[in-house]
Amino acid sequence: MTFILGIFTAFFILFLFGRLPKRRDTPAIQNARNRKLSAGAWVIAVEGYTRNITAVVAVTDEGGSSGRLKNEWGMLPPGDVRNCMVALAENDNELKSILDFRFDRGELSGHSLGNLLLLAVTEMCGDFSLAVEKMNHLLAIRGRVLPVTTEGIRLAGKTSEGLQVHGELDISKHGHELQEIWLEPQNARPLPDVLSAVDDADVILLGPGSLFTSVIPNLLLPDFAKKLCDVEKPRIYICNLMTQPEETENMDIVQHLEWVSAALGETPEFLIANSEKIPDEIIDAYHEQGAQPLYLDNKQRAVLREMGCIAIEAPIMSIIESKSEGKVVRHDPQKLASVIFKLISELKGEE
C-alpha cells in the first residue's frame, strides 16, 4: 500500500508523511521499528507518508525557483518533488535545513539548494524521472516519490464569468471563481511506474494539499484518473483544515469533494475531515488572510451521504509555531495516521 499526501500541504504529515520523531534508540529497536514500517500497508498518496508509500507529485508549479528553472533550463519544476522527498527522507530534520536552504544574493538568489541539486542530477542523467529515482536512493526515502508525468504540462481554466486563466499562479488566484479546469495538453501520459504503483497499493489517499494546484492536477491526466477508478482500492480524500485565500475562498468541504470527484470521474468512498476546534485567536489571524476553517455541518453530511461518500470526522490537527507566520494549524501526522490505519484495519476485517 502506498501513501501519498499532497506535498503542498506542505505538503505534509509526520508518520504518514515520513517525519517520524527522532529518538536515540538502540540499533535493535531501530531495526525492529524499520521492519514494522516495512511490513505495513502500501498506500498511494496523490499529492501528498509510511515507509510503504508512493508519493505521486504534480509538476505544474510555475512560481519562484521552480518557475525560473523551468524557463531557463527547460526542466520540469522540481520544487514540489523536492518538498516531498525531504518529508520522506530518513534524516529529514537535517536534510530539510540543507535542501530547503535558499540563496539570498547573486544570480542564485531565490533558488533552493534542493532544486539546484535536482537540476544537476537531471543534467547528468538526461531524464527528470531518472534523476528523481536517483535522489530517492540518495536521500534514503521512506517509500518512493514519483512525478506524475515527465511531459511538459500547464494548468488552464475558465471562470464563471468566462475569463480564461493559464498557469498555476493564475489558477490559484482565481480558484474560487473557476467553472472548469484542465491540463494543456489534455492527453499527457502518466509515468508507467505511477500506474504500477496504483496496482500495488491497498489504499489511495487524495490530499491534503492545495485543491486546484496540488491534488486536482494529477487527476486531470486521463489515464491516471481512469486507473484510479478501475482498480478496486478504497480512495480517501483528506480534507484541508482551512480554506486557501483566493484559491478555495468561501468553499466548503462538499465543494472541495465535488471538484475532486469531477476530476477523478467518481466520488471517493471516504472523506476525512477535522473535528477538532481551532482556537479563536488562530482563526482570527487566518480570517485576516482570507482563510476560514473547514468543518462539516449537518447539511454537508447529508449531501455526502447522497454522494455515496462516508465521512470520518476526527481530531487530526496540531498547532505549530512558525517563525514567519506565528501559530499555524497543520495536520497532525500521528493522529491522521491513526485514523487511516484504523480504517484500513476495519476494511480488511470486512473482507
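This is a predicted model, so every value here is computed, not measured.

Participant: Report on the overall build of the chain, specifying residues and quantitative values.
Facilitator: Looking only at helices and strands, the chain features 14 helices and twelve strands. Here the chain holds 351 residues, and 53% of them are scored as buried. Carbon and sulfur atoms form 50% of the exposed surface of the chain, whose accessible area is close to 15700 Å².

Participant: Kindly report on the packing of aromatic side chains, identifying the contributing residues and their values.
Facilitator: A full pass over the atoms with the stated rule returns two aromatic pairs. Ring centres 5.1 Å apart and planes at 85° place the aromatic pair Phe 101 and Phe 103 in the edge-to-face group. Looking at Phe 103, the relative accessible area reads 24%, which means it is partly exposed. Arranged with centres 4.9 Å apart and planes meeting at 85°, the rings of Phe 212 and Trp 259 form a pair that is edge-to-face.

Participant: Give me the lowdown on the pattern of salt bridges, citing residues and values where you can.
Facilitator: Tallied over the full model, the rule gives 13 salt bridges. Put simply, Asp 104 and Arg 105 hold a salt bridge, and the shortest N to O gap is 3.1 Å. Note on accessibility: Asp 104 and Arg 105 belong to one class, exposed. With its nearest N and O atoms 2.6 Å apart, the salt bridge here joins Lys 226 to Asp 230. Here Asp 230 and Lys 226 lie together in helix H10 (residues 222-230), a separation of four residues that amounts to about one turn. Here Lys 226 and Asp 230 have matching classes, each one exposed. If you follow the salt bridges from partner to partner, you end up with Glu 133, Arg 144 and Asp 193 in one network.

Participant: Got a sec to walk through the sheet that holds strand E6 (residues 178-184)? Specific residues and values, please.
Facilitator: Spatially, the three strands line up as an open sheet ordered E5-E4-E6, and their pairing is antiparallel. Only two strands of the sheet have a single partner each, and these edge strands are strand E5 (164-166) and E6. Mean inter-strand twist for the sheet, computed between neighbouring axes without regard to direction, equals 20°. Direction of pairing for strand E4 (residues 154-159) relative to E6: antiparallel, over a ladder of six bridges. Bridge pairing links Gly 157 to Ile 181 in E6. Where helix H9 (residues 211-219) meets the sheet, it contacts E4 and E6, and its direction lies at approximately 55° from that of E6.

Participant: So what's going on with the nonpolar core? Which residues, and what values?
Facilitator: Nonpolar side chains in soluble globular proteins generally cluster together in the buried interior. Counting residues in each nonpolar core, the largest one holds 44 residues, and the members touching the most others are Ile 181 and Phe 212. For this core, the secondary structure elements donating two or more residues are E6, helix H8 (192-200), strand E7 (203-206), H9, H10, helix H11 (253-264) and strand E9 (270-274). Listed in part, the 25 residues of the second largest apolar core include Ala 89, Leu 118, Met 135 and Ile 141.

Participant: Tell me about the side chain of His 331, and name the residues and values.
Facilitator: Looking at the element boundaries, His 331 is found in strand E12 (residues 326-331). Look at His 331 and you get buried, because its relative accessible area is 8%. There is a polar contact of 3.0 Å between the side chain of His 331 and the backbone oxygen of Cys 239.

Thresholds, definitions, all that
- Residues numbered from 1 in each chain as written.
- Predicted model: local features only at pLDDT ≥ 70, side-chain atom pairs only at ≥ 80, totals over all residues.
- Heavy atoms only, no water.
- Helix = DSSP H or I, 4+ residues; strand = E, 2+ residues; numbered from the N terminus.
- Buried < 20%, exposed > 50% of the residue type's maximum accessible area, 1.4 Å probe, protein only.
- Areas by Shrake-Rupley, 256 points an atom, 1.4 Å probe, with all protein chains shown as cover.
- Phe/Tyr/Trp six-rings, centres within 6.5 Å; stacked < 30°, edge-to-face > 60°.
- Salt bridge = Lys/Arg side-chain N within 4 Å of Asp/Glu carboxyl O.
- Pairing = 2+ DSSP bridges.
- Axes fitted to C-alpha atoms, helices over the stretch in contact; angles between N-to-C directions.
- Contact = heavy atoms within 4.5 Å.
- Core = buried A, V, L, I, M, F, W, Y, C linked by side-chain atoms within 4.5 Å.
- Polar contact = N/O pair within 3.5 Å; in protein donor to acceptor, adjacent residues only side chain to side chain.

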